[in-house]
Amino acid sequence: MSRSSLVFLILASAALHVAALAIPAFKAGHLSAAVRFGCLSPTICYAMKNKAILPENAVVYKSGGYDGQFYFYSAMRVFRGVQVEFDSAPFRLARIGYPVLAGMGALAGPGYLLYSMYFIPLALHLFVVFFLRSDPLRASIFAFNPISVLSAGLFLADGMALSLLVLALELAFKEKHSLVVLIIAALSMLCKETAAAGALSALFLFLRFRKPVFVALVVACLPMIVWWFATGFSPFFAATRGTAGGPGVWNYVQHPDALLSGRSLLFLFYILGCIVLFRLDLKQERFLAGAALIACGFLLSLTASSEYWDNFANVARLFLPVCAGLLLAARQWKGRIVSGTFLFFSLLLLFREAKSVYDIEVW
């Protein structure tokens, strides 16, 4: 990739991420709007329970907010040692990677935490784009992926988890720095457990190619499992929670107006996956890993409960392994389709946010 092309790709990718933060911040008048602090009712009001650690003039959503607020509370607890209130402490603290890696701004105060939780994942994202510069197609797929854009606009851990997972896989393919691969992959899984799909793909890689470096990706699951039990969060509870009530996609498509909702855009992932997997050469490392990740992401989304399928952001994040898989497996014209679709999807996310109506208060 030429220097000018790389600079353009980095700037375009950064523009998507900055827009994801700027849209809610501009509409609500404060950067905290992207965190989604929430207060649904007097009994379900975590913004009120944690009011002492909110940034000045924080934007609070009357709809109850979203997951970004709990990462914010976790970071304040880790770096400031303050007592915070969660909806489920084991569940929230199990995903400790993002607050630890991006939350050091809390040392300077809640307002600075907003900046570190946003700009550190962005810097990591742009570094991975730079790291992939020898393969322009793969770099553009990652640069425009909608999971990272969605995460940037909601202060979610998934974007950072995806960046770390892609970086760990790329280093593994270079067959260097097994310990570094293990550490990066472990951090990815501590950010978000869906990144553990990388360990599954690595298992297939080891069985097929017998390269020791792939074992590091499998062993990287252990810190996440140990941390889960240390926080009191059982992986069996996670599995039950995710599939309770049966496949949510079936309930979703049964509703007459379901296919007219924004969530139907997520079926693009299935289409892209099928296109990429068609006549795929599984004798090459990247293609086999990509196929395993795509299959794992499909399984996650298809078995997820209505709790996930009832919320666009919830179910979209289950496609994190699919994004990583498409990055690895898509080549030539298929890769251009994926890159273009990812850019289209990311722009639609921004348009959707720009058109949304906020029911908020400023505290």
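What you see is a predicted model; the values in this text were computed from it and never measured.

The rules behind each value
Residues numbered from 1 in each chain as written. Predicted model: local features only at pLDDT ≥ 70, side-chain atom pairs only at ≥ 80, totals over all residues. Heavy atoms only, no water. Buried < 20%, exposed > 50% of the residue type's maximum accessible area, 1.4 Å probe, protein only. Helix = DSSP H or I, 4+ residues; strand = E, 2+ residues; numbered from the N terminus. Polar contact = N/O pair within 3.5 Å; in protein donor to acceptor, adjacent residues only side chain to side chain. Patch = residues over 30% accessible without salt bridge, like charges linked within 9 Å, V, L, I, M, F, W, Y side chains within 5 Å. Areas by Shrake-Rupley, 256 points an atom, 1.4 Å probe, with all protein chains shown as cover. Salt bridge = Lys/Arg side-chain N within 4 Å of Asp/Glu carboxyl O. Phe/Tyr/Trp six-rings, centres within 6.5 Å; stacked < 30°, edge-to-face > 60°. Lys NZ or Arg CZ within 6 Å of the ring centre and 35° of its normal. Axes fitted to C-alpha atoms, helices over the stretch in contact; angles between N-to-C directions. Parallel < 35°, antiparallel > 145°, perpendicular 65-115°, else oblique. Left-handed = near helix turned anticlockwise from the far one by under 90°. Contact = heavy atoms within 4.5 Å. Nonpolar A, V, L, I, M, F, W, Y, C, P; charged D, E, K, R; others polar. Pairing = 2+ DSSP bridges. pLDDT = per-residue confidence, 0-100.

Q: Where do I start with helix H20 (residues 320-329) in this structure?
A: In an α-helix, one turn spans 3.6 residues, which is why side chains three or four residues apart end up on the same side. Of all 10 residues in H20, 10 are buried; the element is thus mostly enclosed. All buried positions along H20 are accounted for by Leu 320, Pro 321, Val 322, Cys 323, Ala 324, Gly 325, Leu 326, Leu 327, Leu 328 and Ala 329.

Q: Can you walk me through the side chain of Arg 92 in this structure?
A: Residue placement: Arg 92 occurs in helix H4 (residues 89-93). Classification of Arg 92 by relative accessible area gives buried; the value is 10%. Of note is the side chain of Arg 92, whose polar atom sits 3.4 Å from the side chain of Asp 67.

Q: I would appreciate a short explanation of a nonpolar patch on the surface in the present structure.
A: A surface patch of nonpolar side chains, about 400 Å² in accessible area, is lined by Leu 200, Leu 203, Phe 204, Leu 207 and Val 218. In terms of residues, the nonpolar patch owes the most to one element, helix H11 (residues 197-209), which gives four residues. Among the structural elements, Phe 204 can be located in helix H11.

Q: Is there a simple way to explain the packing of aromatic side chains in this structure?
A: Given two aromatic rings, one states the distance between the centres and the angle between the planes to describe the pair. Under the definition given, this model contains 24 aromatic pairs. Judged by centre distance (5.6 Å) and plane angle (40°), the ring pair of Phe 267 and Tyr 270 falls under tilted. Residue Phe 267 and its partner Tyr 270 are both found in helix H16 (residues 267-277); the two are separated by three residues, about one turn of the helix. Taking the relative accessible area as the measure of exposure, Phe 267 reaches 22% and is therefore partly exposed. An aromatic cluster of at least three residues, connected via ring pairs, comprises Tyr 252, Phe 267, Phe 269, Tyr 270, Phe 298, Trp 309, Phe 319, Phe 342 and Phe 345. In this arrangement the basic side chain of Lys 27 is found over the ring face of Tyr 358, its NZ or CZ atom lying 4.4 Å from the centre. Directly above the aromatic system of Phe 209 lies the positively charged group of Arg 208, at a separation of 4.9 Å from the ring centroid.

Q: Explain the packing of helix H7 (residues 136-143) against H20 to me, please; I cannot follow it from the model alone.
A: Two measures define how a pair of helices packs: the angle their axes make with one another and the distance between the axes. Between H7 and H20, the shortest axis-to-axis distance is 9 Å and the interhelical angle comes to 165°. Considering the angle they form, H7 stands roughly antiparallel to H20. Seen from above, H7 lies across H20 with right-handed handedness. Within the contact between the two elements, H7 uses Arg 138, Ile 141 and Phe 142 and H20 uses Leu 326, Leu 327 and Leu 328. The residue inventory of the contact of H7 with H20, partitioned by class, reads five nonpolar, no polar and one charged.

Q: I keep staring at the packing of H16 against H20 and nothing clicks. Help me out?
A: Relative orientation of the contacting elements H16 and H20 amounts to 30°, with a least axis distance of 10 Å. As the angle between them shows, H16 and H20 are arranged roughly parallel. Judged by the sense of rotation from one axis to the other, the crossing of H16 with H20 is left-handed. Of the residues in H20, those in contact with Phe 269, Leu 272, Gly 273 and Val 276 of H16 are Val 322, Cys 323, Leu 326 and Ala 329.

Q: Is there a simple way to think about the pattern of salt bridges in this case?
A: Pairing of side chains with opposite charge becomes possible as their charged atoms draw close. Considering all chains together, one arrives at 13 salt bridges under this definition. Among the ionic pairs, Lys 192 bridges to Asp 158, the shortest N-O distance being 2.7 Å. Residue Lys 192 is found in the loop between helix H10 (178-191) and H11, and its partner Asp 158 is found in helix H9 (residues 158-173); the two are separated by 34 residues along the sequence. Each member of the pair, Lys 192 as well as Asp 158, carries the same accessibility label: buried.

Q: Hey, could you run me through the sheet that holds strand S2 (residues 59-61) in this one?
A: In any sheet, the strands associate via hydrogen bonds between backbone groups, in a parallel or an antiparallel arrangement. Across the sheet, three strands lie side by side as S1-S2-S3; this open sheet has mixed pairing. Each edge of the sheet is formed by a strand with only one pairing partner; in this case those strands are strand S1 (37-38) and strand S3 (360-362).

Q: Where do I start with the confidence of the model for the chain in this structure?
A: As a note on interpretation, predicted positions should not be read in detail where pLDDT is low. The predicted model of the chain has a mean per-residue pLDDT of 92, with 97% of residues at 70 or higher. Mean pLDDT values over the elements of the chain span from 60, in helix H14 (residues 235-243), up to 98, in helix H5 (residues 97-102).

Q: Quick question: what am I supposed to make of unusual backbone geometry here?
A: Note: most peptide bonds trans; most residues except glycine with negative phi. With phi around 55°, Phe 155 is a residue other than glycine that occupies positive phi space. Within the secondary structure, Phe 155 is located in the loop between helix H8 (146-154) and H9. Positioned with a positive phi, Arg 210 is a non-glycine residue whose angle comes to about 60°. Along the chain, Arg 210 turns up in the loop between H11 and helix H12 (213-219).

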